[in-house]
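# A structural walkthrough
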Amino acid sequence: SDATFTIVGPPAPSITVAAPNGSETWEAGKKQTISWNYTGSPGSYVKIELLKGGVVDRVISSSRPITSGKYQWTIPSTLASGDDYSVRVTSRSNSSYTDTSDATFTIVGPPAPSITVAAPNGSETWAAGTKQTISWNYNGSPGSYVKIELLKGGVFNRLISSSRPITSGKYQWTIPSTLASGDDYSVRVTSRSNSSYTDSSDASFTITEVSDQ
């Protein structure tokens, strides 16, 4: 040859995390795509790990074909909230070929368990002997069943229902016809499995006697 020429050899083996790569917000319980790129021949399979605060939290996938370039991850619904998560993708055959998200991303965990009385929530007037709807909302997992109580002047008066599925969100209560009149009644709904998850009417409501109607 009159002059030299160049041969470009194979690219150096490498793996690069493409997503999540920082600033994303992912919600626990939802499906998200982890993706990566690679050059050369870093190996046929990769391991995918979740890091929290730079420390391994869990293995997302122990072995995934590197050529797929992605993994559909269903984030555990119980995963704690945090803004210090990252993903690491590593060659199964040579751990020196690895990469981690350039910056941390956020996982929004499940809402804190809570119960909220919706009705009666204050100012209602219910007549003794009539059927009325007690209702509530809940977040997270405060338990499968609730107990419903009637309070008078903030003091326990009687048990309305000892156990009601929390998912029903309501209870049809026939008010005893003998219940005394009063404008200081409230309802309390409490988890059967954890009594710290409880709520009472925001304000008192009135029950009138049958003879008052």
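Presented here is an overview of the structure given in this document. (Residues numbered from 1 in each chain as written. Predicted model: local features only at pLDDT ≥ 70, side-chain atom pairs only at ≥ 80, totals over all residues. Heavy atoms only, no water.)

### Some details on the sheet that holds strand β3 (residues 31–39)
Quick reminder of the rule: One requirement defines pairing of two strands: DSSP has to find at least two bridges between them. The helix count covers DSSP runs of H or I at least four residues long, the strand count covers runs of E at least two residues long, and both are numbered beginning at the N terminus. The axes are straight lines fitted to the C-alpha atoms, using for helices just the contacting stretch, and the angles between their N-to-C directions are given from 0 to 180°.
The strand order across the open sheet formed by 3 strands is β1-β3-β6, and the pairing between neighbours is antiparallel. Strand pairing shows two members of the sheet lacking a second neighbour, β1 (14–19) and β6 (70–74), which therefore form its edges. Strand after strand, the sheet turns through a mean of 25 degrees between neighbouring axes, direction not considered. Alignment of β3 against β6, held across 5 bridges, turns out to be antiparallel.

### Structural notes on the sheet that holds strand β10 (residues 114–119)
Read from one edge of the open sheet, 3 strands run β10-β12-β15, paired in antiparallel fashion. For this open sheet the edge positions go to β10 and β15 (170–174), each flanked by a neighbour on one side alone. Put simply, the sheet's adjacent strands are angled 25 degrees from each other on average, direction ignored. Pairing analysis gives 5 bridges linking strand β12 (residues 131–139) to β15, with the strands arranged antiparallel. Residue pairing for β15: Lys131 is matched across the bridge by Thr174.

### Thoughts on the pattern of salt bridges
It is possible for side chains of opposite charge to pair when their charged atoms get near one another. What counts here: Any Lys or Arg side-chain nitrogen located within 4 Å of an Asp or Glu carboxyl oxygen qualifies as a salt bridge. Burial here depends on accessible area, computed with a 1.4 Å probe over protein chains only, as a share of the maximum for the residue type. Under 20% is buried, over 50% is exposed, and the range in between is partly exposed.
As enumerated under the stated definition, the model contains 8 salt bridges in all. Note that Lys30 is salt-bridged to Glu27, the shortest N-O span being 3.4 Å. Note on Lys30: relative accessible area 43%, which makes it partly exposed. Residue classification places Glu27 among the partly exposed residues on the basis of a relative accessible area of 41%. Between Glu49 and Lys47 there is a salt bridge, with its nearest N and O atoms 3.8 Å apart. Residue class for Glu49 comes out buried when judged on its relative accessible area of 7%. One connected set of salt bridges, linked through shared partners, spans Lys47, Glu49 and Arg88.

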